[in-house]
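Below, each chain spelled out in residue letters.
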Amino acid sequence: MLGDPGMSRRSADVVVVGGGIVGAACAYECAAGGLSVMVIEESVVGGGATAAGMGHIVVMDDSEAQFQLTSLSEKMWNERVGAMPAGVEHLPCGTLWVAADEEEMAEVRRKQAFYEARGVPVEVLDRRQLEEAEPHLRKDMAGGLLVPGDSVVYPPVAVSWMLRECGATVVSGLGVITLRDGGVTLSDGEVIQAGVVVNAAGAKAVRLTPGIPVAPRKGHLVITDRYPGFVRHQLIELGYLKSAHSSSGDSVAFNAQPRKTGQVLIGSSRQYGVEHSGVDRPILSRMLRRAAEYMPEITGLTAIRTWTGFRAATPDKLPLIGPVPGTQREWLATGHEGLGITTSLGTGRLLADQILKRTPPIPVEPYLPGRCMHE
Amino acid sequence: MRRWDVVVVGAGPAGIAAACGAAESGARVLVLDDNPAAGGQIWRNDAAQPWLERFAESGAELRTGCVATDTLPEARSYVLATGARELFVPFPGWTLPGAFGLGGMQALVKSGLEVAGKRVVVAGSGPLLLAVASLLRKRGAAVAAVVEQAGRTAMAEFGVRLLMEPEKLGQGAGLMMSLWGVPFYTGSWVESAMGRGRVERVRMRCGGRVVEQDCDAVAVGYGLLPNTELAALLGCHLAEGTVVVDEWQETSVDGVYAAGEVTGIGGVEKSLVEGEIAGLAAAGLQGQAQRLFAKRAKTHSFADGLARAFAPRAELRKLAQTDTLVCRCEDVTRGALEGMKSWREAKLQTRCGMGPCQGRVCGGATRFLFGWGADSMRPPVFPVKVESLIETRQS
Amino acid sequence: MNRRVTVIVDGRPLQVDVGTTVAAALWNAGVTAFRHSVTGEERAPLCGMGICFECRVTIDGVEHCRSCQTLCADGMQVKTS
Ligand SMILES: Cc1cc2nc3c(=O)[nH]c(=O)nc-3n(C[C@H](O)[C@H](O)[C@H](O)COP(=O)(O)OP(=O)(O)OC[C@H]3O[C@@H](n4cnc5c(N)ncnc54)[C@H](O)[C@@H]3O)c2cc1C
Ligand SMILES: Cc1cc2nc3c(=O)[nH]c(=O)nc-3n(C[C@H](O)[C@H](O)[C@H](O)COP(=O)(O)OP(=O)(O)OC[C@H]3O[C@@H](n4cnc5c(N)ncnc54)[C@H](O)[C@@H]3O)c2cc1C
Ligand code: FES
């Protein structure tokens, strides 16, 4: 813990609750704007969903607002990643959306049109080109869409780098128990005054700001030993559109990611209403069976670890970035679901722009908490 | 109907005794072990061992080469007898080929590694030191030195305890005789190993002096650490790195028993008697189990003496230099770990413990070096093929 | 006399006693680089009991096999890195 407990009351222009990637990015942007920043993390920084996530930096097309935030964020990642330490394991591997059949090829073309209309370079692969690009995929796939600008990172190291670089005061090992308009109380009783409090507590944000529409959505991942070249791009199936990965039931989808280490990270699953963080064997099994349908040889790789994480899901799949309705100094930066590694940087930017009353690079309205919360 | 009454994990002394206890009373028993053969650490390739003969006739079924994980076959009760591994304390040169663990060297020699004519330095702590030195000598090695970190006084106290157990004293004296003429240093340790492409020489701190010794291999181990991963995964309560059990050897999880080194390091007699009690209790034979309580108590007091006499000394924490590797899977140096506040932070920020050994080597080392506690346990207990994670239950 | 089996190590046939692990056989044959670490160091067995993963080699085409946990078998193909 930094700071001297014997000192008089501590305060900061901005107190960020939560040292995940979203909290770190908010701290970074606020500090860059000249504000004094304190980050409070109850466990270790970068240890929440941020440590569990896949670290895929991806431009998405679910909605215009999602596209704008992900593409702003991806640009920021590309500008910043060069300065980060090697431990960030940046791998510019691109995303390859895999189409199993002709129906999914239609989705490839829809995506292609969407991205091209917005200036994102993409490339449609036919069956043969897909086979060349990813030799371990099952041979009868129809094709795919390559988005070469996407990449992969290791988020916890990005978190510690941002916090170090920006000079924020980091208090770790102590949680915030209450959060008010203009201050927080820590679990040891200390009260910290803040010009603005930012609730960036991820899936736990709802404990501090009751009533926000954020629900935990559990996910499983498996990592293998090192098999360099086994997977070359971040692979995601397009079949999830049919398997209803987007509805409210439990679902799995094929997702395989190359790590800079040569390891293969295998996902993904989504479960609502599950509280315990242990590995659920049946859903893990389903997830891996799905992976084996796409990459039969994946079953022969050695898995060294499995884990779970909770995404903070909102009803409209967009994060909450901005003041809590009816308050001036209590802000939210949460609800990033399965995209928070990507969108953390854009989130920090939009949050700081609002606090500092600067003009944001994209409209903030779609992300304001007021859209789904009332006083 | 369930196929098994009792499933035992581990076919070392504890697991074998448990299996015998349960199977001889008619229970249907399955024993799983990840090694190619039964015997655990001590009875490796030891066909003459009477317990192995008894086990073969007990009616228990043995499955070797099989990693048990949290998807254990269905049974009424389980006995975890997963044993222990070595505590490795990093020192400069410990990653060179030819720098083995102490038990590691023993296991390798028992599985065919030839040492005839080779000069070997045997170092570390505890009774294993003499056992390994003696084995090496029997196989024709020139044991260049035996280097024990515990001081003479601590060892002498332990010797006094042994006097009360003549059988063990006899073993010790026999071992000492077999090592006649080998330099035996107490209160001493290997500081570093050197060589081009493999170990050629070690530097030892013997009392106040530095002694250099040419050698072909060095075997170093500082005692044992319980293999608690499976127990943790099953939700059993742990304390101080061991599985907590009640008088019946039952863990905090109903129907899950634990026996042997996994409940605390104490040697083969402790493992055997705990195993028998666990096996009998797991099969519902509490009365028979109870008769073994006094015998168990004796082994526990021996274990306490062992722990006191051979506790690794503080100086060993200074052996690893800034550039000495601590995590051998991910090549993380001590320097990279300085400043980290916990095992979890070290894992997240440096990849320490993220490799295939999953912290089995560096976890013990960092606990010793920095006092860090362990992280949560996630399946698989051991690296396994992806296909076996697809199965939701071992058959 | 002990029964012998032949394993092929990096293309070279090697006769060993039945019951010998691949780790012991390799070390006896003078192999000191079982694998290369992630920063390129040569590594050989440490624990002999399957926990350290230093003795990993490719056996019959399967990568990352722990040689100390594997018994030599006739015709087995072993590749070090
Ligand atoms: C399986 C899985 C895969 C994913 N894959 C990707 C991906 O490929 N790409 C992508 O962009 N995103 C991905 N995500 C999503 C991404 O991981 C999250 O959106 C992101 O990490 C959220 O960051 P955060 O900082 O909001 O939350 P967290 O990382 O959870 O941080 C919140 C922090 O707040 C702390 N905290 C909570 N309560 C308190 C309190 N009261 N006081 C003090 N501190 C507190 C917590 O300890 C925690 O450290 C994935 C998520 C999961 C679960
Ligand atoms: C390396 C080493 C060398 C030793 N040498 C000596 C010696 O020379 N003399 C002496 O008196 N004592 C020696 N000991 C101590 C001796 O091993 C113990 O006193 C006794 O063997 C302990 O018996 P056990 O049954 O508790 O454990 P172990 O003998 O260790 O047996 C545990 C068994 O469980 C298996 N196992 C563990 N986890 C799993 C899993 N998840 N799935 C399947 N199988 C699993 C292990 O592979 C092992 O075969 C040594 C210990 C070690 C660790
Ligand atoms: S030598 Fe440690 S796993 Fe084989």
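Residues numbered from 1 in each chain as written. Chains lettered and ligands numbered in written order. Predicted model: local features only at pLDDT ≥ 70, side-chain atom pairs only at ≥ 80, totals over all residues. Heavy atoms only, no water.

Helix and strand content of chain C: one helix and seven strands. Here the C-alpha atoms of chain C give a radius of gyration of 12 Å, agreeing with the 12 Å that 2.2 N^0.38 yields for 81 residues. For chain C, the spread of C-alpha atoms along the principal axes amounts to about 40 × 25 × 20 Å. Going through the 81 residues of chain C one by one, you find that 58% of them count as buried. Of all intrachain contacts in chain C linking residues separated by at least 6 positions in sequence, the fraction that spans at least 24 positions is 36%. A total accessible area of about 3300 Å² is found for chain C, and carbon and sulfur atoms account for 49% of it. Each charge class in chain C was averaged separately, 8 positive and 8 negative side chains, and the resulting centres sit 2 Å apart. (Helix = DSSP H or I, 4+ residues; strand = E, 2+ residues; numbered from the N terminus. Rg over C-alpha atoms; globule rule 2.2 N^0.38 Å. Buried < 20%, exposed > 50% of the residue type's maximum accessible area, 1.4 Å probe, protein only. Contact = heavy atoms within 4.5 Å. Areas by Shrake-Rupley, 256 points an atom, 1.4 Å probe, with all protein chains shown as cover. Lys, Arg positive; Asp, Glu negative; His and termini not counted. Charge placed at Lys NZ, Arg CZ, Asp CG, Glu CD.)

Following the criterion strictly, the structure yields eight aromatic pairs over all chains and no others. With a centroid separation of 5.9 Å and 90° between ring planes, the pair formed by A:F114 and A:Y115 is classed as edge-to-face. The pair A:F114 / A:Y115 is uniform in exposure class, with both members buried. Put simply, the rings of A:F67, A:F114 and A:Y115 pair up and form one aromatic cluster. The lysine or arginine in question, B:R317, covers the ring of B:F368, its NZ or CZ lying 4.5 Å from the ring centre. Across the ring face of B:W94, the terminal group of B:R328 is positioned such that the distance to the ring centre comes to 4.6 Å. (Phe/Tyr/Trp six-rings, centres within 6.5 Å; stacked < 30°, edge-to-face > 60°. Lys NZ or Arg CZ within 6 Å of the ring centre and 35° of its normal.)

Residue and element names in this part refer to chain A. Taken together, 34 residues sit near ligand 1, with E41, A49, T50, V176 and T342 positioned nearest. In this structure, a nitrogen atom belonging to ligand 1 sits 3.1 Å away from a main-chain N or O atom of E42. Here L339 contributes a backbone N or O atom positioned 3.1 Å from an oxygen atom of ligand 1. Here ligand 1 has 1000 Å² of accessible area as a free molecule, and 93% of this is covered by the chains. Taken together, the residues that form the shell around ligand 1 break down as 14 nonpolar, 15 polar and five charged. (Near = heavy atom within 4 Å. Polar contact = N/O pair within 3.5 Å; in protein donor to acceptor, adjacent residues only side chain to side chain. Nonpolar A, V, L, I, M, F, W, Y, C, P; charged D, E, K, R; others polar.)

Counting buried positions along helix 1 (residues 13-23) of chain B gives eleven out of eleven residues, so the element sits mostly inside the fold. Along helix 1 of chain B, the positions that sit buried rather than exposed are B:P13, B:A14, B:G15, B:I16, B:A17, B:A18, B:A19, B:C20, B:G21, B:A22 and B:A23.

A separate point is the sheet that holds strand 7 (residues 119-124) of chain B. Residues and elements named next belong to chain B. What the five strands build is an open sheet, ordered 6-13-7-8-9; its pairing is parallel. The sheet terminates laterally at strand 6 (99-101) and strand 9 (184-185), the two strands that pair on one side only. Taken together, the six bridges between strand 7 and strand 8 (residues 142-148) define a ladder with parallel strand orientation. Looking at the pairing, A123 lines up with V147 of strand 8. Against the sheet, helix 3 (residues 102-110) engages strand 6, strand 7 and strand 13 (217-221), with an angle of about 90° to strand 6. Of the strands in this sheet, strand 7, strand 8 and strand 9 touch helix 4 (residues 128-138), which is tilted by about 175° from strand 8. (Pairing = 2+ DSSP bridges. Axes fitted to C-alpha atoms, helices over the stretch in contact; angles between N-to-C directions.)

All names here are of chain A. By the element assignment, S269 lies in strand 15 (residues 263-272). S269 sits in the buried class, given a relative accessible area of 0%. Within the structure, the side chain of S269 is placed 2.9 Å from the backbone nitrogen of H220, a separation counted as a polar contact.

Turning our eyes to something else, we now look at the pairing of strand 13 of chain B. Residues and elements named next belong to chain B. Burial within strand 13 is extensive, with five of its five residues counted as buried. Both faces of strand 13 are covered, namely the face carrying A217, A219 and G221 and the face carrying V218 and V220. As paired elements, strand 6 and strand 13 share three bridges and run parallel to each other. Within the sheet, the bridge partner assigned to F100 lies in strand 13 and is A219. The pairing of strand 7 with strand 13 spans five bridges and is parallel.

Take empty space enclosed by the protein next. Under the counting rule described, the total for this entry stands at four cavities of 30 Å³ or more. Empty space within the largest cavity amounts to approximately 70 Å³. Counting residues per element, the ones that place at least two in the lining of the largest cavity are strand 6 and strand 13 of chain B. A breakdown of the residues in the lining of the largest cavity according to their chemical character gives ten nonpolar, one polar and no charged. Around the second largest cavity sit B:F100, B:M105, B:L113, B:E114, B:V115, B:K118, B:V120, B:R198, B:D216, B:A217 and C:W27, which together line it. (1 Å grid on protein atoms, 1.4 Å probe; cavity = no way out; pocket = protein on both sides within 12 Å on 5 of 7 lines; lining within 4 Å. Points joined across faces, edges and corners; volume = space filled by probe spheres on them.)

Moving on, we come to helix 4 (residues 102-117) of chain A. Residues and elements named next belong to chain A. Taking 1.5 Å of rise per residue, 16 residues should cover 22 Å, and helix 4 covers 23 Å from first to last C-alpha, within 8% of that figure. Buried positions along helix 4 lie against helix 3 (64-80), strand 4 (95-99), strand 5 (123-126), strand 6 (143-147) and helix 8 (281-294). Capping the start of helix 4, D101 holds a side-chain oxygen 3.2 Å from the backbone nitrogen of E103, two or three residues further along. Among the residues trailing helix 4, G119 stands out with phi positive, at a value near 80°. (Expected span 1.5 Å × (residues − 1).)

We now examine the sheet that holds strand 3 (residues 61-63) of chain B. Residues and elements named next belong to chain B. Pairing is parallel in the open sheet, where five strands are placed in the order 3-2-1-4-17. Bordering the open sheet on either side are strand 3 and strand 17 (256-258), each of which pairs with just one other strand. For this sheet, the mean inter-axis angle between neighbouring strands, taken without regard to orientation, is 20°. Relative to strand 4 (residues 75-80), strand 1 (residues 4-9) runs parallel, the two being bridged by five bridges. Its bridge partner being in strand 4, W4 is matched across the sheet by A75. Docked against the sheet, helix 1 engages strand 1, strand 2 (29-32) and strand 4, running at close to 170° with respect to strand 2. Helix-sheet contacts for helix 8 (residues 268-282) involve strand 1, strand 4 and strand 17, and the interaxial angle to strand 4 is about 170°.

Next up on the list: the interface of chain B and chain C. The partner chain C presents 32 residues to the 38 residues of chain B that form the contact. Among the residues of chain B in contact with chain C, B:P97, B:R328 and B:D331 are the three that bury the most area, contributing 18% of the side total. Seen at the junction of chain B and chain C, the total is two salt bridges. Its salt-bridge partner being C:R43, residue B:D331 comes within 2.9 Å of it at the nearest N-O pair. (Buried area = accessible area lost by both parts, 1.4 Å probe. Salt bridge = Lys/Arg side-chain N within 4 Å of Asp/Glu carboxyl O.)

By themselves, these observations are geometric and do not establish any function.
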